[in-house]
Amino acid sequence: MSSFENFRENWLRPALFFGNNPISLTGGAITTASGITMISYWLAELAGQLSDNPYLGIIFFLILPLLFLTGLALIPIGILLRRRKLRNAGRIPPEFPRIDLNDRVFRHGLDIVLVATIVNFLVVATASYHGAEYMDSPQFCGRSCHVMKPEFTAYQISPHSHVACVDCHIGSGAQAYVDAKINGTKQLIEVTFHPVAHFAPRIIPNYPEPIPSPVTSLRPARYTCEGCHTPRRFDGDKLLVKSNFADDEQNTETQTVLILHLGGVDSLLRYTGIHGVHLGHIEYIATDSSRTTIPWVERQNPDGSFTQYSSLPAGSSIPKGDRRVMDCIDCHNRAAHTFVTAEQAVDQAMSTGAISPNLPWIHKEGLALLNGTYTSQEQAGSQIPAALQAFYRSQNPAVLEQNSALVDQAGKELVTLYDQNVFPFMNVTWGTHPNHIGHMDYPGCFRCHDGSHAAKDGTSITQDCSACHNLLAVEEAKPKVLSDLGIQ
Ligand code: HEC
Ligand code: HEC
Ligand code: HEC
Ligand code: HEC
Ligand code: HEC
């Protein structure tokens, strides 16, 4: 018997015979229906006709492909069940219905099966490709799950709003991809069971609120950040201007101007300044989970020798804790998710005019309102503007008469600032996620550069202000340097 005949007699004929059962036929119908729906969706997507609603993505890239595969799986299941039933009843025919390739009807049937198989294959391949791509999209990571709302909100207004989450959180490579999928599945389970998890906290998996930082599974920056930012390209100084407003009636504005010595790798291949120095090899041990307390630091010097700095009493042994090689993320920990302090938020909004500095007392009052306690963003959204109106009505009705539009706008802007930084349902509030850049609001650089990290030879990690920056003006009203530079 030729192999085709063998296939026809022993496989095709029985399959067609047994396949004629409700389960297999239902499977075929489900597969066909979901296949056609998916194909239409892809065509619509190609034509650019779709919204970016994340739930559409869940339906089309995850649920429909699953239905499609379920339908496909039902076909052989139905066949096996029918065969078992008939065998048990002793009713398997000695001879399966004839397959005759000269029979036109049968030949066309065969064509259909063949075409269907090819189409199925293409659909499954496209679906898995789309599904994988979709699961890597910021839409999926950030919007399909409300747990990510704080990070996604901050991400959308960050300089990285066009960088996919996976570029920083996963990076390239198969191993990283698989790890991320395993971790993602765990998170999906936690999110699914969240509504009931507090009934049995030890048994049912749950996610922490807030999601803890640092992300210990984040890969070293050379696999993520450095894919886009080439450290060797860093060089030079950066001018930084910060505006502050006082808590007086006039909201008196002052400015701080500094030149940050960012440095990098200079033309003689020397590592200089803030970026250059730490690009060499520095390891540290943090003794708390937020990497804020750093009692021990080791630096590999350019000549290959090591210097250890410790803030512990002389003679102490190396502390126990999370030992880590310093990289970008130890300073830029909020690269894509900067949550500011309430003070920074109000100052920033006032310096751009989004909150008008002409409103008397607005700095003090706005700050007090942002720092108030609200159970939800909705509550803050209705109470903050109302409280601001009430403040002016009782303290300074003339402002409401002359500038009611500015008061409205300020109220709205305060709500926006609140919504960008405080998420009561995830226990994320002002200061929950400290920023390690700088040293004014959080320890930041001073985790190491506090002057108390000393080496054996008596030197310590520098706290010399001018090592990091030149302060051209500190909280001055209309600093002269800005008009000299033509900035003001
Ligand atoms: C430019 C790189 C970058 C991008 C893009 C990015 N992240 Fe992050 N993400 C980070 C870094 C860095 C941290 C903090 C890690 C640390 O401190 O160890 C972080 C932390 C987090 C955390 C932990 C909680 C927290 O606030 O620290 C979550 C959750 C998170 N990111 C989700 C997302 C989501 C969702 C997206 C896409 C919408 C995204 N990230 C995009 C770099 C990035
Ligand atoms: C996929 C590419 C990509 C990756 C990965 C990436 N970045 Fe960026 N980053 C950018 C781009 C593009 C900009 C410039 C955005 C602009 O100018 O508006 C930027 C800007 C920045 C800035 C300047 C922000 C500012 O205020 O101007 C910092 C700091 C930064 N990135 C740090 C990081 C760190 C740290 C990581 C790793 C956690 C990282 N980036 C990963 C593409 C990337
Ligand atoms: C020792 C801390 C530190 C480390 C480590 C560090 N940076 Fe920075 N970086 C800074 C500071 C401070 C600034 C200026 C901050 C500001 O603009 O407010 C900066 C600025 C930047 C900028 C913006 C430059 C500009 O001209 O505006 C980029 C991009 C950047 N860093 C990327 C990186 C990358 C990528 C790495 C890892 C290879 C890295 N940094 C490592 C402290 C650090
Ligand atoms: C984990 C510890 C650690 C952190 C955090 C850290 N540094 Fe450093 N830094 C060091 C060590 C170690 C040295 C080398 C010793 C020295 O030069 O004093 C150094 C050196 C420097 C130097 C060179 C000093 C000189 O005299 O040439 C600059 C500039 C600097 N750091 C800036 C920063 C800035 C800005 C930040 C915060 C954004 C920061 N560092 C955060 C450990 C750290
Ligand atoms: C290890 C490096 C380092 C040292 C040492 C250091 N600073 Fe800074 N400082 C920074 C960085 C980085 C920033 C910018 C933070 C940012 O980007 O917002 C900063 C910002 C500032 C600002 C402006 C902050 C604001 O938000 O208004 C002032 C003021 C300041 N430093 C004062 C000092 C003084 C005074 C000293 C000396 C006692 C000092 N710094 C030592 C790194 C350093």
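Quick caveat: nothing in here was measured; it's all calculated off a predicted structure. Residue numbers run consecutively from 1 along every chain, following the written order of its sequence. Lettering of chains starts at A and numbering of ligands starts at 1, both following the order in which they are written. It should be noted that, the model being predicted, local features are given only for residues of pLDDT at least 70 and side-chain atom pairs only at 80 or more, the latter also being counted only at that level, while totals for whole chains, interfaces and linings use all residues. Only hydrogens and water are set aside when side-chain values are computed; all heavy atoms of the structure are taken into account.

So, on to the coordination of the iron atom of ligand 4. Here a donor is an N, O or S atom found within 2.8 Å of the metal, or within 3.2 Å if the metal is Na, K or Ca; sites may look incomplete because water is not among the atoms. Summarising the metal site, the iron atom of ligand 4 is bound by the protein donors His-278 (NE2) and His-449 (NE2), whose distances to it range over 2.0 Å. Classification of the site at the iron atom of ligand 4 as octahedral follows from its six donor atoms and the range of 86 to 179 degrees in their angles at the metal. A residue pair is termed long-range when its members are at least 10 positions apart, and His-278 in helix 9 (residues 273–279) and His-449 in the loop between helix 13 (397–421) and helix 14 (465–468) qualify at 171 residues. For every residue, the accessible area (1.4 Å probe, protein chains only) is compared with the maximum for its type, and the residue is labelled buried under 20%, exposed over 50%, or partly exposed between those bounds. The class of His-278 is partly exposed, set by a relative accessible area of 22%. Using a relative accessible area of 16% as the deciding quantity, one classes His-449 as buried. Note on geometry labels: four donors, all angles 85 to 135 degrees, give tetrahedral; four donors become square planar and six octahedral when opposite donors are over 155 degrees apart and every other angle is between 65 and 115; remaining cases are irregular. Here a strand is any run of E in DSSP of at least two residues, a helix any run of H or I of at least four, and the numbering for each starts at the N terminus.

Moving on: the nonpolar core. Definition of nonpolar core: a set of buried residues of the types Ala, Val, Leu, Ile, Met, Phe, Trp, Tyr and Cys, connected through side-chain atoms within 4.5 Å. Grouped together as the largest cluster of nonpolar side chains are 30 residues, with contacts concentrated most on Leu-370, Ile-384 and Tyr-392. Only helix 10 (342–352), helix 11 (362–370), helix 12 (377–395) and helix 13 provide two or more residues apiece to this core. Take this core: its biggest share by element is eight residues, from helix 13. Contacts of Leu-370, omitting those with residues within four sequence positions, involve Ala-342, Val-346, Ile-384, Leu-414, Leu-417, Tyr-418 and Trp-430. Ranked by size, the runner-up nonpolar core spans 11 residues in total, among them Leu-64, Phe-68, Ala-127 and Tyr-134. Contacts are residue-level and defined by heavy atoms, with any inter-residue pair within 4.5 Å sufficient.

A few words on helix 6 (residues 149–156). With six of eight residues buried, helix 6 lies mostly within the body of the structure. Among all positions of helix 6, only Pro-150, Glu-151, Phe-152, Thr-153, Ala-154 and Tyr-155 are buried. Packed against the buried residues of helix 6 are helix 5 (138–143) and helix 13.

Two rings belonging to Phe, Tyr or Trp (six-membered ring only in the last case) form a pair when the distance between their centres is within 6.5 Å. Interplanar angles under 30 degrees mark stacking, angles over 60 mark edge-to-face geometry, and anything in between is tilted. Taken as a whole, this structure holds seven aromatic pairs when the rule is applied. Ring centres 5.6 Å apart and planes at 75 degrees place the aromatic pair Phe-18 and Phe-96 in the edge-to-face group. Of this pair, Phe-18 sits in helix 1 (residues 3–19) while Phe-96 sits in the loop between helix 3 (54–88) and helix 4 (104–135), placing them 78 residues apart in sequence. Each member of the pair, Phe-18 together with Phe-96, is buried. Where Phe-391 meets Tyr-392, the ring centres are 5.0 Å apart and the plane angle is 70 degrees; that geometry is what we call edge-to-face. Residue class for Tyr-392 comes out buried when judged on its relative accessible area of 1%. Pairwise contacts between aromatic rings join Phe-17, Phe-18 and Phe-96 into one cluster. The rule is short: NZ of Lys or CZ of Arg within 6 Å of the ring centre and within 35 degrees of the ring normal puts a charge over the ring. If you follow Arg-82 out to its NZ or CZ, it ends over the ring of Phe-17, 4.8 Å from the centre. A cation sits over an aromatic face here: Arg-219 above Tyr-223, 4.6 Å from the ring centre.

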